Every structure is written in C-alpha cells, then in structure tokens.
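# Chain and residue survey
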Amino acid sequence: ETALRKVALTDATVLLLGESGTGKEVAARFVHANSKRAKGQFVAVNCATLSEQLLESELFGHEKGAFSGAIAKKRGKLELAEGGTFFLDEVGEMKIELQTKLLRVLQERRFERVGGTCSIDADARFIAATNRDLMNEIHAGRFREDLYHRLAVFPVRMPPLRERPEDVSQLTDALLARIARDLGRPGLSLDERARTAIVAANFPGNVRELRNALERAAILSESTKLTLDDMTRVLHGNGHEKHVSAA
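First, a word on scope: everything that follows refers to the structure included in this document. Note that the coordinates shown come from a computational prediction; the quantities given were computed from them, not determined experimentally.

### Focus: the pattern of salt bridges
One pass over the full model with this rule turns up 24 salt bridges. Note that Asp-123 and Arg-37 form a salt bridge whose closest N and O atoms lie 2.8 Å from each other. One end of the pair, Asp-123, is in the loop between β7 (119-121) and β8 (125-130); the other, Arg-37, is in the loop between α2 (24-33) and β2 (42-46), with 86 residues separating them in the sequence. Judged by its relative accessible area of 35%, Asp-123 is partly exposed. Here Arg-75 ties to Glu-79 by a salt bridge, and the two come within 3.4 Å at their closest N and O atoms. Judged by its relative accessible area of 45%, Arg-75 falls in the partly exposed class. By relative accessible area, Glu-79 is classed as buried at 10%. Each of Glu-63, Arg-75, Glu-79 and Arg-113 takes part in one network of salt bridges that share partners.

### What to know about the sheet that holds β2
On the basis of which strands lie adjacent, the open sheet formed by 5 strands has the order β2-β5-β8-β1-β9 and parallel pairing. Two strands in the sheet have a free side with no partner beyond their single neighbour: β2 and β9 (154-157). This sheet shows a mean twist of 20° between the axes of neighbouring strands, independent of strand direction. Pairing of β2 with strand β5 (residues 85-89) involves 5 bridges; the strand directions are parallel. Following the sheet pairing, Phe-42 is matched in β5 by Thr-85.

### Some points on the nonpolar core
Across soluble globular proteins, nonpolar side chains show a tendency to be buried alongside one another. The biggest cluster of nonpolar side chains holds 31 residues, and the ones touching the most others in it are Leu-59, Leu-78, Phe-86, Leu-88 and Met-94. Elements with a minimum of two residues in this core: β2, α3 (52-60), β5, α5 (96-108), β8, α6 (134-139) and α7 (145-151). The dominant element in this core, judged by the number of residues it contributes, is α5, at 5 residues. Setting aside its immediate chain neighbours within four residues, Phe-86 contacts Val-43, Val-45, Leu-59, Lys-77, Leu-78, Ala-81, Ala-124, Arg-125, Phe-126 and Ile-127. Formed by 23 residues, the second largest nonpolar core is a distinct cluster that contains Ala-180, Ile-198, Leu-214 and Leu-235.

### Here's the deal with the packing of aromatic side chains
By the definition in use, this model includes 3 aromatic pairs. Taking the centre distance of 5.8 Å and the plane angle of 80° together, the rings of Phe-86 and Phe-126 count as edge-to-face. You can see Phe-86 sitting in strand β5 and its partner Phe-126 sitting in strand β8, a full 40 residues away along the chain. No difference in accessibility class separates Phe-86 from Phe-126, as the two residues are buried.

### Topic: the packing of helix α8 (residues 168-183) against helix α10 (residues 206-220)
Relative to each other, α8 and α10 sit at 50°, their axes nearing to 10 Å. As judged from the angle between their axes, α8 and α10 are oblique. Crossing of α8 over α10 shows right-handed handedness. Seen from α8, the contacting residues are Leu-171, Thr-172, Leu-175, Leu-176, Arg-178, Ile-179, Asp-182 and Leu-183; seen from α10, they are Val-207, Leu-210, Arg-211, Leu-214, Glu-215, Ala-218 and Ile-219. Residue classes in the contact of α8 with α10 are distributed as 10 nonpolar, 1 polar and 4 charged.

Cut-offs used in this document
Residues numbered from 1 in each chain as written. Predicted model: local features only at pLDDT ≥ 70, side-chain atom pairs only at ≥ 80, totals over all residues. Heavy atoms only, no water. Salt bridge = Lys/Arg side-chain N within 4 Å of Asp/Glu carboxyl O. Helix = DSSP H or I, 4+ residues; strand = E, 2+ residues; numbered from the N terminus. Buried < 20%, exposed > 50% of the residue type's maximum accessible area, 1.4 Å probe, protein only. Pairing = 2+ DSSP bridges. Axes fitted to C-alpha atoms, helices over the stretch in contact; angles between N-to-C directions. Core = buried A, V, L, I, M, F, W, Y, C linked by side-chain atoms within 4.5 Å. Contact = heavy atoms within 4.5 Å. Phe/Tyr/Trp six-rings, centres within 6.5 Å; stacked < 30°, edge-to-face > 60°. Parallel < 35°, antiparallel > 145°, perpendicular 65-115°, else oblique. Left-handed = near helix turned anticlockwise from the far one by under 90°. Nonpolar A, V, L, I, M, F, W, Y, C, P; charged D, E, K, R; others polar.

As structure tokens, this is what we get:
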C-alpha cells in the first residue's frame, strides 16, 4: 500500500501484475482516489471481454459510418477519462495490432477515433493490469517489448493470498464490513472458530474468492455472527480445505 500511495502522487504509468482475484482493480482505484486526478473519472476497459474491433472502438471511439453498425459518432473510453484515470485490465490479452496503436497513444498522448482524422489529446493517467507473465508473452512474440516498457514505468506485483496468510484475518474483517453494508446487515462478524477455518483455508481465486465465500455465508446465515458451521457450508466441497479442525 505504501508503494501505491507514493506512486499515486505522481502521474507515472502503473503496471499491476498478479494472479486473478488479487485485487488489481481495487489497487488501481486506490491509486486514482489518492491522486491529483481523483476528481476526474476512473474509466476501466477489460481487454479480455471484447473482440478486437469492439475493443478498438471502446478505447478510441468511432466516427459515424466508420464500420458496419457505426450509425452514430461515439466517444471512446480514452476520451471519457480526460482529466482522470484510464485503467486497462487484462492488457496481456490485447492483440499485437492494437498494442501498436496503444503504444502510439502512450508515446504521443494523442489518438484518433476509428474512421476519424481529428487528433484528440489523451489527458489521462494510465494504469494497466495483467495476470499473464508478460516476459513470456514477449518471448513468444505475443506482446510488444516497447509497449511493456511504456506500461511498466512503475510495476507493482500483487501477491496471492497464500503468500500473505498473516493478512487474511484483517482482510476478512474489511471484506465483511463491506458485505454487511451491501447486504444491509450491520454488525456482521465471525466467531473465532470460523476465523480459524478461513485462515487455514486455500483460496486459489484469492481475494475475490474469499469475498464470495464470506458473502455466501452471510446470506445463508440467520445470525450476524458467522459460525464455523456457516463457513464450513461454503468452504468444504470446493477444494478450499487444508485441514480444518473443529476443536
């Protein structure tokens, strides 16, 4: 968190690296919220969920008639992020041709809409994230090395939960407070045996999977105090258990 807080005060491009569910978008939002651009928009694009043509249009926008189905002019996410932060999630999924266009934006801080000739300023702070090993992707010819260096001005590795067991208990409390707020269940808490079970459990999906387990337990429980039985119901049978003692 200290590194993120420090880089947030600058306009440096941040590259968040880590497994799925380690909280990369949460970290990106933290950087935005603690930056001089906090009053601007935080605009996110997931590069893994769109086809190449749709992703290009989503990033840069398009002019009317730029391609089949472009019935009106559309502003892209880059334009919408002006004065704020532009977050490229799963940037390792981006195809080479589009990587070249993104590299140009990072170099020149300017872009054109698809089918357009007018140059638009890219006044946004860039944060990218990936769960891929970009060095392997570079060696395999799937990711541009020059783009990697543009994105990795300030690389931050987000460690998986299994590497920070000492944080699980504190993280659980923070997640439970958020879940209590979302569900309208003030005072949600864990008894000690439930807490022991969570700390001993295995969460390959990391923070996201931990949150999902807690939310399921909270929904199923009749009480505001989650018990070992509540947690066992959502943890066991899903490959989470290491060995949880009921003692």
